[in-house]
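Letter by letter, the chains look like this.
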Amino acid sequence: DRSEFLFDIRDIHLNGGGALHGGMMMALADIVMGRTVRDALEGQKALTISLNCDFIGPSKLGERVRGTATITRKTRSIVFIGCELAVGERTIMTATGIWKILGSE
């Protein structure tokens, strides 16, 4: 119920200020959490129904972002999950999400 992903920042991922774009950080968190949920469901499908992000600090071109996700609770129909994006020991964003398991009532 835990996963880790790596992402290298390229120039196409930067905002006008030269830092990793917040929208890219949100997309990365959604991917990291979504893959973690998918792996934990062993073949069942699920969709994001809530994604909340807190931006902690910037990152820049050439840095490697590590995304880690941990499922905090799983019911028959819902998965709750948390995520952290970090560069080295420096956290740049945290996120929480809720995924709806498809086909469950």
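The next thing to look at is the overall build of the protein chain. The helix and strand inventory of the protein chain stands at one helix and five strands. When the helices and strands of the protein chain are placed in sequence order, the string is β-α-β-β-β-β. For 105 residues, the compact-globule estimate of 2.2 N^0.38 gives 13 Å, and the protein chain sits close to it at 14 Å. Principal axes of the C-alpha set define a box for the protein chain whose edges measure 45 × 25 × 20 Å. By the burial criterion, 37% of the 105 residues in the protein chain qualify as buried. Considering only contacts in the protein chain between residues 6 or more positions apart, those separated by 24 or more positions represent 67%. Here the protein chain has roughly 6,100 Å² of accessible surface; of this, 51% comes from carbon and sulfur atoms.

Generally speaking, a soluble globular protein has its nonpolar side chains buried in company with each other. Residues Met33, Val65 and Leu85 are the most contacted members of the largest nonpolar core, which totals 25 residues. Residue assignment for this core shows that the elements contributing at least two residues are helix H1 (22-41), strand E3 (64-74), strand E4 (78-87) and strand E5 (90-101). In terms of residues, this core owes the most to one element, H1, which gives eight residues.

In this section: H1. In an α-helix, one full turn covers 3.6 residues, which means residues spaced three or four apart are oriented alike. Across its 20 residues, H1 extends 28 Å between first and last C-alpha, which sits within 8% of the 28 Å expected from 1.5 Å per residue. Within H1 the residues assigned to the buried category are Met25, Leu28, Ala29, Val32, Met33, Thr36, Val37, Ala40 and Leu41. Buried residues along H1 sit in contact with strand E1 (2-8), strand E2 (46-55), E3, E4 and E5. Of the residues flanking the end of H1, it is glutamate 42, one or two places downstream, whose phi is positive at about 50°.

Now for the pairing of E3. Examined bridge by bridge, E1 and E3 share seven bridges and lie antiparallel to one another. Residue pairing in the sheet places phenylalanine 5 in a bridge with glycine 67 of E3. As judged from the eight bridges shared by E3 and E4, these two strands associate in the antiparallel manner. Note that in E4 the partner of threonine 70 across the bridge is glycine 82. Hairpin connection between E3 and E4: a loop of three residues separates the two successive antiparallel strands.

Looking now at the sheet that holds E4. Strand order across the open sheet formed by five strands is E1-E3-E4-E5-E2, with antiparallel pairing between neighbours. Each of the sheet's edge strands pairs with one partner strand only, and the pair in question is E1 and E2. With direction set aside, neighbouring strand axes in the sheet form an average angle of 20°. Bridge count between E4 and E5: ten bridges; the pairing is antiparallel. Pairing of glutamate 84 across the sheet is with threonine 94, part of E5. The strands that H1 touches are E1, E2, E3, E4 and E5; relative to E5, the one it contacts most, it runs at about 50°.

Conventions adopted
- Residues numbered from 1 in each chain as written.
- Predicted model: local features only at pLDDT ≥ 70, side-chain atom pairs only at ≥ 80, totals over all residues.
- Heavy atoms only, no water.
- Helix = DSSP H or I, 4+ residues; strand = E, 2+ residues; numbered from the N terminus.
- Rg over C-alpha atoms; globule rule 2.2 N^0.38 Å.
- Buried < 20%, exposed > 50% of the residue type's maximum accessible area, 1.4 Å probe, protein only.
- Contact = heavy atoms within 4.5 Å.
- Areas by Shrake-Rupley, 256 points an atom, 1.4 Å probe, with all protein chains shown as cover.
- Core = buried A, V, L, I, M, F, W, Y, C linked by side-chain atoms within 4.5 Å.
- Expected span 1.5 Å × (residues − 1).
- Pairing = 2+ DSSP bridges.
- Axes fitted to C-alpha atoms, helices over the stretch in contact; angles between N-to-C directions.

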